[in-house]
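If you want the building blocks of each chain, they are given just below.
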Amino acid sequence: MNLAMTGLLLVLALAAAGSVKADEQLRREALNLFGRIEAAQTLQVTSEMELGRALFWDTRVSSDGKTSCGSCHLVRNWGADPRRFSIDARGKPTSRHSPTVFNAMSQPLLRWLSDRKSGADQAEGSMTGSMGFPTKQAGVERLGELDYLPAFRAAYPQDTDPLSARNYGRALAAYQASLVTPAPFDRFLAGDDSALSDQQKAGLQTFIANGCAGCHNGTLLGGTALQRFGVVKQYWSETGSEKVDVGRFAITKKEEDRYVFRVPMLRNIAKTAPYFHDGSIDPLDRAVRIMASVQLGRMLDDATVATIVAFLESLTGDVPEHYAPPGQRPEM
């Protein structure tokens, strides 16, 4: 082997070693900031989960007999709604965009204003919300008419009165808690350097370096904190929102809560357009530019935006095989 060839092989070996070291450093930093999610190797199906699955997809459990939870959380949109606002069982648009239900149950509080303390609380509240019943009792009566009592008894055998609004919420939360979607990003964090492309690794570095992880951190890359939308400038100046939503101020009447919303998680973000509380923005690259502008005061160039979007695409997992009515598989 001549000296030139030996030198070339040495250069390549050093480059490879440097790449491995860089990947390991990036992985350690990302694990510290985010952490990874894992789905159970074997889904533990319980009577409670089976009941929740049936309820989630049953359009009969609504005031119009045409609306289900799945009506606002579509399979082809990874558990989100492609419309800016969902239409409830009363035929009215919801007040804010419906986010994905995938991975959502591990958030400490739910909805854009963090006004629901748990998935069970959210689901129970939907009886008089999206499901359109005048009272929760009216919803419970509908469940009885649909012969759901045996399923509730099986799911909650210790309850003397198992068919209740509380247990309706608990069952739906149990099903939604099973909708976990590990992604290529999680495989990278677990040690697979090939799980992300070079552009996606660069995007992860850029995401961190530009301060995005200041709010979008934790296992879900968001979903756990409240933040003012428009730290640097008014958000509607960039989103073109038709209505200025005051955020949590609508609930608390505290000035410090004006324009404050729950920081959305970024899991499956590339599949869950449109974006923001009012669904005002699509596509994803525009949402990235707006966030950098109104939250960080940064104007990102095309190359930077492209690398961040590439990284965000690595957060897309597979649609769970049981995200469909009982006995069916998802239809994309």
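Structure first, text after, so check above.
Attention in this report is confined to the structure presented alongside it. Small disclaimer: the values here were computed from a predicted structure and weren't measured.

**Here's the deal with the packing of helix H2 (residues 47-57) against helix H6 (residues 165-177)**
With their axes 7 Å apart at the nearest point, H2 and H6 run at an angle of 95 degrees to one another. Between H2 and H6, the interaxial angle falls into the category roughly perpendicular. Touching Glu 48, Met 49, Leu 51, Gly 52, Arg 53, Leu 55, Phe 56 and Trp 57 of H2 are Tyr 168, Arg 170, Ala 171, Leu 172, Ala 174, Tyr 175 and Gln 176, all from H6. Tallied by class, residues from the contact of H2 with H6 come to ten nonpolar, two polar and three charged.

**Quick word on the side chain of Arg 248**
Note on placement: Arg 248 falls in the loop between helix H9 (236-239) and helix H10 (249-252). Asp 257 provides the closest opposite charge to the buried, unpaired Arg 248, separated from it by 4.3 Å. Apart from residues no more than four positions distant in its own chain, Arg 248 is found in contact with Leu 113, Ser 114, Leu 226, Lys 253, Asp 257 and Val 260.

**Notes on the pattern of salt bridges**
Taken as a whole, this structure holds 16 salt bridges when the rule is applied. With a closest N to O distance of 3.0 Å, Lys 201 and Asp 23 form a salt bridge. With Lys 201 in helix H8 (residues 198-209) and Asp 23 in helix H1 (residues 3-33), this residue pair connects regions lying 178 residues apart in the sequence. For the pair formed by Lys 201 and Asp 23, the shared burial category is buried. When the shortest N-O distance is used, the salt bridge between Arg 289 and Asp 302 registers 2.5 Å. Remark: Asp 302 occurs in helix H12 (residues 302-313) and Arg 289 occurs in helix H11 (residues 284-296); sequence separation between them is 13 residues. On the accessibility criterion, Arg 289 (32% relative accessible area) is partly exposed. Asp 302 sits in the exposed class, given a relative accessible area of 55%.

**Quick notes on the nonpolar core**
The nonpolar side chains of soluble globular proteins are, as a tendency, buried together. Membership of the largest hydrophobic core comes to 39 residues, with the highest contact counts inside it found for Phe 34, Phe 185, Leu 204, Phe 207 and Leu 312. Of all the secondary-structure elements, those providing two or more residues to this core are H1, helix H7 (184-189), H8, H11 and H12. The biggest single contributor to this core is H11, with six residues. Discounting chain neighbours no more than four positions away, the residues touching Leu 204 are Leu 26, Ala 30, Phe 34, Phe 185, Phe 188 and Phe 311.

**As for the side chain of Asp 81**
With respect to the secondary-structure elements, Asp 81 resides in the loop between H2 and helix H3 (119-125). Its relative accessible area of 0% is what places Asp 81 among the buried residues. A polar atom in the side chain of Asp 81 sits 2.9 Å from the side chain of Arg 83. Within polar-contact distance, the side chain of Asp 81 engages the side chain of Ser 86 at 2.6 Å. The contact partners of Asp 81, leaving out residues within four places of it in the chain, are Ser 71, Cys 72, Ser 86, His 97, Ser 98, Ala 273 and Pro 274.

What counts, and where the lines are drawn
Residues numbered from 1 in each chain as written. Predicted model: local features only at pLDDT ≥ 70, side-chain atom pairs only at ≥ 80, totals over all residues. Heavy atoms only, no water. Axes fitted to C-alpha atoms, helices over the stretch in contact; angles between N-to-C directions. Helix = DSSP H or I, 4+ residues; strand = E, 2+ residues; numbered from the N terminus. Parallel < 35°, antiparallel > 145°, perpendicular 65-115°, else oblique. Contact = heavy atoms within 4.5 Å. Nonpolar A, V, L, I, M, F, W, Y, C, P; charged D, E, K, R; others polar. Buried < 20%, exposed > 50% of the residue type's maximum accessible area, 1.4 Å probe, protein only. Lys, Arg positive; Asp, Glu negative; His and termini not counted. Salt bridge = Lys/Arg side-chain N within 4 Å of Asp/Glu carboxyl O. Core = buried A, V, L, I, M, F, W, Y, C linked by side-chain atoms within 4.5 Å. Polar contact = N/O pair within 3.5 Å; in protein donor to acceptor, adjacent residues only side chain to side chain.

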